[in-house]
Structure formats: C-alpha cells, structure tokens
Amino acid sequence: MTASHSLPVLMRVLSASLTLAKRAGQLIKDVQMSGKSLDIVDKGHNDPQTRADRASQQLIISALAQHFPQLTIRGEENITIENSSDTPDINELVDTNLQEVLQATCPTEFRELQEKDLVVWVDPLDGTREFTEGRLEGVTVLIGFATQGNAIGGIIHQPFYADGNEHGRSVWGIVNSGVYGKCILSSKPLPGRILAGSLSHRSKTVVDAVNACEPSEVLQAGGCGYKVLLVLERRAHVYVHASRGCSLWDTCAPEAVLKAGGGMLTDVFGNKISYLSTNETSVNTGVLATMENHDWYAQRIRETITL
C-alpha cells in the first residue's frame, strides 16, 4: 500500500487523471506526427471527430472506470469504451504525478467526498477543428470534476505547448485551493479590453455580443480550454462564446481552474452552469469567462442579445 491510499478520493482521482491527461496528450501528438489519416467523422456543423479523439477518450475513461468504478463519467465522444489489458496499474496512475498533486491542499469541504459523489466530465480533445487544420496551440485535453452540480476541480492539458526544451504543459486547479502546474501569469498589466472569441462561430448574435463588450482587440482562438487559459494568464480580459456549441465537458474543467484562480465562468448572461450528470449536456446559452468585471460583461450582453 502506498501513501496515496490515505489521500482524499478527490486527490487520488485528480492525480490519476493528471497522469491520463498527459498520456492522452502524447497519444494525440503521436497521431498528429504519424502522417497517417486522421479518420475524420463529421458529427455535425463544425464538429469533427478524429481517431485521436476516440483513442484519447478510450484511454482516459477506460482507466478511470476500471480503477474508480463508482465514479460517474461523461465523455464527449459517443463511442463504446472497452476494457483494456494495457490499462496502467492504479498505483502507477496515482503515484506518477503524486508529488505535483501534493502541492495542493484538499479543501475541508471536499475531503470526505466519495467516488459516488463525483461526476467526471471528459473532453478528450478540445479544439478538434483546430487539430484537423494544424492550428495546434488551441488543442487541449480537459478533465473536470463536479459534485452536486458544481465544478470543483479540473485539468487543462495543452499537448502542443512548447517552451524551450519543454513540450506540453498541464494547468490544473481545485476550487478554494488554487491553480497549479505550468500557469504563466503576465507580470505586466494588460492594456485595453482584449476579448477571446471563436473562429467557428460568427453569427450576427455572436458579433453583437462581442461588440457589446466594447473590445479594443479581438483574439480569434479555438477551443474552450485554450481561451480560458488566455483569460487565466491575463492574455485576454474576457472570453465570450455567445452561441450554442459548447457542452458540459467543454466547460467543467475550465470553469474549475478559472474559479480556483479567482475568476468566473458562467453562461453569457451570468447564470451558473450546472454539472449534474442528469443534465442536458449542451450549454445552450453560451459561455462567459473573466478574471474581473464579470457582472459588467454579463449585463452588457443581457441588454444586447437573446439566445
């Protein structure tokens, strides 16, 4: 028995998930570098799925389901998850990143949570369209943890991040504990009002919502996880997604990480997003993410659009 057995369940699940997110990121990179077909399946408008999406979800969910059988797990891809003989040992999964996870203290209110209390929301490859088009910076692996409908922890792994000899990074957080991993906060005040938006959604409603925020600059970027990183690291003031198209597996991990860092993520009107496993998975009223002045943005959007 390792020391990890004495950890709260949330911390064990998080540590195992961090290992899996990093391995899924490597798997995604291997697919991209192989030069072979991505085997793209069109799930709908601007919603492709590749063999990297499918393999990443299989890796993450099969391991979590095998080792934490009472978890409720929701993944983006509608595929059959098969038990694998290659699933890593539970001690290997938990212990590989345990020292990193032990930087965080599990908040008192989460220490007694059991597996059955947690819902895990998995986006195995956020930013699939960007992945298929070679715009790799926006690709992330997202694993979020919720209880009683609230996002409480999350992992954003960016497999194609490059910093010198370091390739790939993970940013993760626990609400009421903090943000950990390789989160790079700018030391300089961010001028103007910079808004991060999507390349995929350019309807009149989207444009009206963006204009309502009076941006001095609009950063066109893909992937919910990546755009939340832009806000978290003070490279953008606000992320606005004023259309349907996001789902709970897109927003759970980013919301938890942003909230752990002192920010907020809601729908575009400022309403809380619920992560109950029984909920409709689509976030039909968009996404608004900020580190400050959240109510101001939500009010401006409420006065301008309807969804």
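Residues numbered from 1 in each chain as written. Predicted model: local features only at pLDDT ≥ 70, side-chain atom pairs only at ≥ 80, totals over all residues. Heavy atoms only, no water.

Attention shifts here to the overall build of the protein. Scanning the protein from terminus to terminus reveals 9 helices and 15 strands. Relative to the globule expectation of 19 Å for 307 residues, the C-alpha radius of gyration of the protein, 18 Å, shows essentially globular dimensions. If one aligns the C-alpha atoms of the protein with their principal axes, the spans along those axes are about 55 × 45 × 45 Å. Going through the 307 residues of the protein one by one, you find that 55% of them count as buried. For the protein, long-range pairs separated by at least 24 residues make up 68% of all intrachain contacts whose partners lie at least 6 apart in sequence. Element-wise, carbon and sulfur atoms account for 46% of the exposed surface of the protein, whose accessible area totals about 13300 Å². On the protein, the mean spot of the 27 positive side-chain charges and the mean spot of the 35 negative ones are 4 Å from each other. (Helix = DSSP H or I, 4+ residues; strand = E, 2+ residues; numbered from the N terminus. Rg over C-alpha atoms; globule rule 2.2 N^0.38 Å. Buried < 20%, exposed > 50% of the residue type's maximum accessible area, 1.4 Å probe, protein only. Contact = heavy atoms within 4.5 Å. Areas by Shrake-Rupley, 256 points an atom, 1.4 Å probe, with all protein chains shown as cover. Lys, Arg positive; Asp, Glu negative; His and termini not counted. Charge placed at Lys NZ, Arg CZ, Asp CG, Glu CD.)

You can read the domains of the protein as domain 1 (3-181) and domain 2 (194-303). Opposite the 40 residues of domain 1 that make contact, domain 2 presents 30 residues. Roughly 2600 Å² of surface becomes buried between domain 1 and domain 2 when both sides are summed, with 65% attributable to carbon and sulfur atoms. Our count for the domain 1 to domain 2 interface comes out at 1 salt bridge. Here domain 1 and domain 2 share 8 residue pairs in polar contact (both at pLDDT 80 or more) between them. (Domains from an automatic or database assignment. Buried area = accessible area lost by both parts, 1.4 Å probe. Salt bridge = Lys/Arg side-chain N within 4 Å of Asp/Glu carboxyl O. Polar contact = N/O pair within 3.5 Å; in protein donor to acceptor, adjacent residues only side chain to side chain.)

Before going further, it helps to examine the sheet that holds strand 10 (residues 217-220). Spatial strand order, 10-9-11-15-13: 5 strands in an open sheet with mixed pairing. Lying at the two open borders of the sheet, with one neighbouring strand each, are strand 10 and strand 13 (264-266). Within this sheet the neighbouring strands show an average axis-to-axis angle of 20 degrees, counted without direction. Two elements, strand 9 (residues 194-197) and strand 10, share 4 bridges in a ladder whose sense is parallel. Along strand 10, the bridge assignment pairs Leu 195 with Val 218. Packing of helix 7 (residues 224-232) onto the sheet brings it into contact with strand 9, strand 10, strand 11 (238-241), strand 13 and strand 15 (287-290), and relative to strand 11 it is tilted by some 150 degrees. The strands touched by helix 9 (residues 294-302) within the sheet are strand 11, strand 13 and strand 15, with strand 15 carrying the most contacts at an inclination of about 150 degrees. (Pairing = 2+ DSSP bridges. Axes fitted to C-alpha atoms, helices over the stretch in contact; angles between N-to-C directions.)

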